[in-house]
Amino acid sequence: RRSNTDKSLGDAPYLDFQPTIGRNSFFVNLSEEEREKLGGIEYRALKTLAVVLMVYFFAWHAIGVVCLTPWILRDTGHGKAVTAQGQSRVWWGFFTPASAFNDVGFTLTNDSMLEFGTAVFPMLLMTFLIVIGNTGFPCMLRFCIWVTSKLVPVGSGLWEELRFLLDHPRRCFTLLFPSRATWWLFTILVILNGLDLIFFIILNLNNPVVTTL
């Protein structure tokens, strides 16, 4: 998977020719030979993307399980609330992060997550999993690809495939955006969630239920 060419790290280092790129990464005026070379790197990039998506899916599930299972086993107060309803704490540690990451909204307790309203750590972790598994998925996916491209050897086959995904995301995946669009999405997410938090605090001032929490 390592490239043995001497081509420079230009706009398209994964190709041995300089293409003309139109809107939405549409390559124009290509010869038959250039089309075959483009198809090769694009096919390799799609195979790499499939691996990245599988790792992304299972890794974040595993991180949620590793974080929440020890917490619920050690926390006596909230752990008793789970066992009081006939549920296993270990199963809660597996089920809850999966429900949050996949944004399905299911819980094992009959009061949703009200019992865990004062548990800061699981609330913050579940909020993060909900965001990166749903609206923030394009942002986190591109960030993971970008970080991986910085860790692998420059010029290697894997590096070329990751660069192709970053340079031409719309050719490969509908939920992978160009850099500028990703930053716009990230900014909008921060603004909307920030405003949501601010209005939640303002509208619940002197609310006795919130005050007791």
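Residues numbered from 1 in each chain as written. Predicted model: local features only at pLDDT ≥ 70, side-chain atom pairs only at ≥ 80, totals over all residues. Heavy atoms only, no water.

**So, helix 6 (residues 157-167)**
Okay, step 1: In terms of residue burial, helix 6 counts as a mostly covered element, since nine of its 11 residues are buried.
Okay, step 2: Burial in helix 6 covers these residues: Gly 157, Trp 159, Glu 160, Glu 161, Leu 162, Arg 163, Phe 164, Leu 165 and Leu 166. (Buried < 20%, exposed > 50% of the residue type's maximum accessible area, 1.4 Å probe, protein only. Helix = DSSP H or I, 4+ residues; strand = E, 2+ residues; numbered from the N terminus.)

**Some thoughts on the nonpolar core**
Okay, step 1: Residues Tyr 56, Trp 92, Phe 116, Ile 145 and Leu 165 are the most contacted members of the largest nonpolar core, which totals 33 residues.
Okay, step 2: Taken together, the elements giving at least two residues each to this core come down to helix 1 (32-74), helix 3 (89-101), helix 4 (120-132), helix 5 (137-151) and helix 6.
Okay, step 3: With nine residues, helix 1 is the single largest residue contributor to this core.
Okay, step 4: Other than its neighbours up to four places away in sequence, Ile 145 contacts Leu 49, Val 52, Leu 162, Leu 165, Leu 166 and Leu 176. (Core = buried A, V, L, I, M, F, W, Y, C linked by side-chain atoms within 4.5 Å. Contact = heavy atoms within 4.5 Å.)

**What to know about the packing of helix 5 against helix 7 (residues 179-203)**
Okay, step 1: Their axes nearest at 9 Å, the elements helix 5 and helix 7 cross at an angle of 130 degrees. In terms of orientation, helix 5 lies oblique with respect to helix 7. Handedness of the crossing formed by helix 5 with helix 7: left-handed. Across the interface between the two elements, Pro 138, Cys 139 and Arg 142 from helix 5 touch Ser 179, Thr 182, Leu 185, Phe 186 and Leu 189 from helix 7.
Okay, step 2: Taken together, the residues of the contact of helix 5 with helix 7 sort by class into five nonpolar, two polar and one charged. (Axes fitted to C-alpha atoms, helices over the stretch in contact; angles between N-to-C directions. Parallel < 35°, antiparallel > 145°, perpendicular 65-115°, else oblique. Left-handed = near helix turned anticlockwise from the far one by under 90°. Nonpolar A, V, L, I, M, F, W, Y, C, P; charged D, E, K, R; others polar.)

**Observations regarding the side chain of Arg 89**
Okay, step 1: Mapped onto the elements of the fold, Arg 89 is located in helix 3.
Okay, step 2: One buried charged side chain, Arg 89, makes no salt bridge at all; its nearest oppositely charged neighbour is Asp 75, positioned 7.0 Å away.
Okay, step 3: A polar contact of 3.4 Å, which involves the side chain of Arg 89, links it to the backbone oxygen of Ile 72.
Okay, step 4: When residues no more than four places from it in sequence are discounted, the contact partners of Arg 89 are Ile 72, Leu 73, Asp 75, Thr 76, Gly 79, Lys 80, Val 82 and Thr 83. (Lys, Arg positive; Asp, Glu negative; His and termini not counted. Salt bridge = Lys/Arg side-chain N within 4 Å of Asp/Glu carboxyl O. Polar contact = N/O pair within 3.5 Å; in protein donor to acceptor, adjacent residues only side chain to side chain.)

**Examining the pattern of salt bridges**
Okay, step 1: In the structure shown here, the tally under the stated rule is three salt bridges.
Okay, step 2: Note that Glu 160 and Arg 44 form a salt bridge whose closest N and O atoms lie 3.2 Å from each other. With Glu 160 in helix 6 and Arg 44 in helix 1, the pair connects residues that are 116 residues apart, well separated along the chain.
Okay, step 3: Exposure remark for Glu 160: the relative accessible area of 5% places this residue in the buried category.
Okay, step 4: Judged by relative accessible area, Arg 44 falls into the partly exposed class, the value being 29%.
Okay, step 5: For the salt bridge of Arg 44 with Glu 161, the shortest nitrogen-to-oxygen distance reads 3.0 Å. One end of the pair, Arg 44, is in helix 1; the other, Glu 161, is in helix 6, with 117 residues separating them in the sequence.
Okay, step 6: Judged by its relative accessible area of 2%, Glu 161 is buried.

**So, the layout of surface pockets**
Okay, step 1: Of the pockets and cavities examined, the largest pocket occupies roughly 1,000 Å³.
Okay, step 2: Taken together, 28 residues form the lining of the largest pocket, with Met 123, Thr 127, Ile 130, Leu 197 and Phe 200 sitting closest to its centre.
Okay, step 3: Counting residues per element, the ones that place at least two in the lining of the largest pocket are helix 3, helix 4, helix 7 and helix 8 (208-212).
Okay, step 4: At six residues, the largest contribution of residues to the lining of the largest pocket is made by helix 7.
Okay, step 5: Of the residues assigned to the lining of the largest pocket, the class counts are 15 nonpolar, 11 polar and two charged.
Okay, step 6: Estimated volume of the second largest pocket: approximately 590 Å³.
Okay, step 7: For the lining of the second largest pocket, the leading source of residues is helix 7, giving seven residues. (1 Å grid on protein atoms, 1.4 Å probe; cavity = no way out; pocket = protein on both sides within 12 Å on 5 of 7 lines; lining within 4 Å. Points joined across faces, edges and corners; volume = space filled by probe spheres on them.)

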